[in-house]
Each structure stands twice: as structure tokens, then as C-alpha cells.
Amino acid sequence: MEIFLDTSSIKDIKKWDNLGFISGVTTNPALLSKEKGMPIELLKEICALMGERPVSAQVTAESSEKMIEQGIYFSNLSDNILVKLPSNLSGYKAQIKLSQLNIKTNITLCFDPVTDCLFAKAGATYVSMILGRSEDFNLQQSSLIKRTRAIFEHNSFDTKILGASFRNPQQIELAMSQGADVLTIPPNSLSMLFNNPLTNGGLKDFEDAWKTINDNDKKTYDNF
């Protein structure tokens, strides 16, 4: 299982990449809009930081013809670009052409295993299964990745399943347990994994208990 970082923040990418477990970055127009400067230059900088690791760049075009043109443009920016296409008919038509050109793709806003199956048959590199957005609107998709995994294994698809749009650790665990190949996690959700209130509370209990020992008795323990 790989972990991507879902952000366009250079600061966050550098911070989390230093820990050694980031295998790629996913961006989208909303994430790019939060950062200063020209989005295309920011995208190039992210690609340079990642080296050979994949970076997803999402098309903003609406017609399949324009998606293809924009996808080719993105792919020429860097060898590690994944062209991010929407899970709709225009995106499917663009997928067919980009696959013929050996351009790697990431299909986004996937909520239906059957649609994902069609994109996999058309040669998609990744399909991004959206969990957080579904739950935001009380559309429970707790078995989404599991159902998609079963179809992909039955048909021996090479397309990887990418879990995305995580709001909390529970959603991340769900995607892990159901067999996602990749998880793309926002910085805020990653921070939650390392800031468990139960862990913090336990550490506070240990600290309070340790303060009851006199300094001389604990000196050799603390000053190793």
C-alpha cells in the first residue's frame, strides 16, 4: 500500500516528505487555488520535489477534446504526471485517447464500481474512490472500495484503487482494510493520525505521575 499526499502546499509536501513514507502527490483545481502564484509553475515545482514519484494534475476542460489536449500538455510538463480525469462520459472518451498515447491517468470523483470497471477496461492507471465527500452528504459508501476490489480482481485489471477524500482516521482505516492500493491523505488528516487524544491523555497521566518522584531518585533515569 502506498500513501500519497493530497495537497498543493509546498510547505506541507516538504514537511511530510521528510518522514519518508510519501509515495506521490495528488492535486486538483481547488487545492491549487489555495496557493499563491501561477498554478502551472506550482505544479512543476511539485513534480520536481517528487522526482520520479507520481503527481496527479486534474484537467479543467469540460469537453473530451479539450481534456485530451490539456492532458497531453500536462504529460509534457514532467514524466511523473498523472492526468486526472473526471468519472463522466467526457472523461471516459479522453481516457481512451490518452491510453492510446500511453499517458497515465487518475480517474477522480469515482462513486460507482461499475463506472470504475469501464475506466479500468479503457486503461486507467488509477481510479480515485471518494469516501469523505459521500459521508458529508449522508451517502454511506462504507463498502465502495471492497465492491470495486472484488470486480477488479475477478477481471484481473491492472488499474490501482486509490482511496481519497479522507476526513478522519476511521475512513482511512476503512480504505486500508478493504484493499485500497493507494491512500491519498490531506495534511490535516495525517496530523490527526499522530495526534490521538487517547495517546495525548495517556502521556499526560504518565507525566503527572512522574512528577511525584523526587528529582534525585529519577535523575539517572532522566539524565541517561
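Structure first, text after, so check above.
Below is a summary of the structure that appears in this document. Residue positions within a chain follow its written sequence, with the count starting from 1. Owing to the predicted nature of the model, reporting of local features is limited to residues with pLDDT of at least 70; listing and counting of side-chain atom pairs is limited to 80 or more, with chain, interface and lining totals taken over all residues. To get the side-chain values, take all heavy atoms of the structure and skip hydrogens and water.

1. Examining the nonpolar core
Using the following cut-off: Take the buried Ala, Val, Leu, Ile, Met, Phe, Trp, Tyr and Cys residues and link them wherever side-chain atoms come within 4.5 Å; each set so joined is a nonpolar core. A simple rule labels every residue: compare its accessible area, found with a 1.4 Å probe on the protein chains alone, to the largest value its type can have, and call it buried under 20%, exposed over 50%, or partly exposed in between. Helical segments are the DSSP runs of H or I of at least four residues, strand segments are the runs of E of at least two, and each set is numbered from the N terminus. Only heavy atoms matter for contacts: two residues are in contact if any of them lie within 4.5 Å across the pair.
Grouped together as the largest cluster of nonpolar side chains are 48 residues, with contacts concentrated most on Phe74, Val83, Leu85 and Val127. Take this core: its biggest share by element is six residues, from helix α3 (residues 39-50). With sequence-adjacent residues up to four places away left out, Val83 is seen in contact with Ala57, Val59, Gly71, Phe74, Leu98, Ile103, Lys104, Thr105 and Asn106. Of all hydrophobic cores here, the second largest spans seven residues; its members include Phe4, Leu82, Tyr126 and Ala164.

2. Re the sheet that holds strand β2 (residues 22-26)
Heads up, the condition is: Should DSSP find at least two bridges between two strands, the strands are regarded as paired. Only C-alpha atoms enter the line fits that serve as axes; for helices the fit covers just the stretch in contact. Angles between N-to-C directions range over 0 to 180 degrees.
Here we have eight strands rolled up into a closed barrel, ordered β1-β2-β3-β4-β5-β6-β7-β8, and parallel in their pairing. In this sheet, neighbouring strand axes are inclined to one another by 25° on average, regardless of whether the strands run parallel or antiparallel. Relative to strand β3 (residues 55-58), β2 runs parallel, the two being bridged by two bridges. Paired with Val25 across the bridge in β3 is Val55. Seen against the sheet, α3 touches β2, β3 and β4 (81-86) and runs at an angle of roughly 165° to β3.

3. Comments concerning the pairing of β2
Where burial is concerned, most of β2 is hidden: five out of the five residues are buried. Alignment of strand β1 (residues 2-6) against β2, held across four bridges, turns out to be parallel. Residue pairing across strands places Phe4 opposite Gly24, the latter belonging to β2.

4. Thoughts on the layout of surface pockets
Where empty space is left becomes clear once a probe the size of a water molecule has been rolled over the atoms. To keep things clear, this is the line we draw: Each cavity reported here is a set of points on a 1 Å grid over the protein atoms alone in which a 1.4 Å probe fits but cannot get out, each pocket an open set with protein on both sides within 12 Å along at least five of seven lines, and each lining residue one with an atom within 4 Å of a point. Grid points are joined across faces, edges and corners, and a volume is the space filled by probe spheres set on the points. Residue classes follow a fixed rule: Ala, Val, Leu, Ile, Met, Phe, Trp, Tyr, Cys and Pro count as nonpolar, while Asp, Glu, Lys and Arg count as charged, and any other residue, Gly among them, counts as polar.
The computed volume of the largest pocket comes to approximately 630 Å³. Lining the largest pocket are 28 residues, with Asp6, Asn28, Leu31, Arg167 and Pro186 sitting closest to its centre. Within the residue set of the lining of the largest pocket, elements represented by two or more residues are α2 (29-33), β5 (105-110), β6 (126-130) and α10 (187-193). Every residue lining the second largest pocket is listed: Glu2, Glu52, Arg53, Pro54, Asp79, Asn80, Ile81, Leu82, Lys104, Thr125, Tyr126 and Lys160. Of the residues contributing to the lining of the second largest pocket, the split by class is four nonpolar, two polar and six charged.

5. With respect to the pattern of salt bridges
Inclusion rule: Every case where a carboxyl oxygen of Asp or Glu lies within 4 Å of a side-chain nitrogen of Lys or Arg is listed as a salt bridge.
Tallying each qualifying case throughout the model produces nine salt bridges. Across the pair Asp17 and Arg53 runs a salt bridge whose closest N-O atoms are separated by 2.7 Å. Of this pair, Asp17 sits in helix α1 (residues 10-17) while Arg53 sits in the loop between α3 and β3, and the two are 36 residues apart along the sequence. One salt bridge in this structure joins Lys44 and Glu41, with 3.6 Å as the shortest N-O distance. Taken together, the residues span about one helical turn, with Lys44 and Glu41 both in helix α3 at a distance of three residues. Residue classification places Glu41 among the partly exposed residues on the basis of a relative accessible area of 41%. By sharing partners, the salt bridges in this structure join Arg149, Glu153 and Asp181 into a single network.

6. A short note on the packing of α3 against helix α4 (residues 64-77)
For any two helices packed against each other, the geometry is given by the interaxial angle and the distance between the axes. Rules: Under this scheme an angle from 65 to 115 degrees is roughly perpendicular, one under 35 degrees roughly parallel, and one over 145 degrees roughly antiparallel; angles in between are oblique.
Relative orientation of the contacting elements α3 and α4 amounts to 45°, with a least axis distance of 10 Å. By the criterion of interaxial angle, the relationship of α3 to α4 is oblique. Residue-level inspection shows Ile40, Leu43 and Lys44 of α3 in contact with α4, the latter providing Tyr73, Phe74 and Leu77. When grouped by side-chain class, the residues that make up the contact of α3 with α4 number five nonpolar, no polar and one charged.

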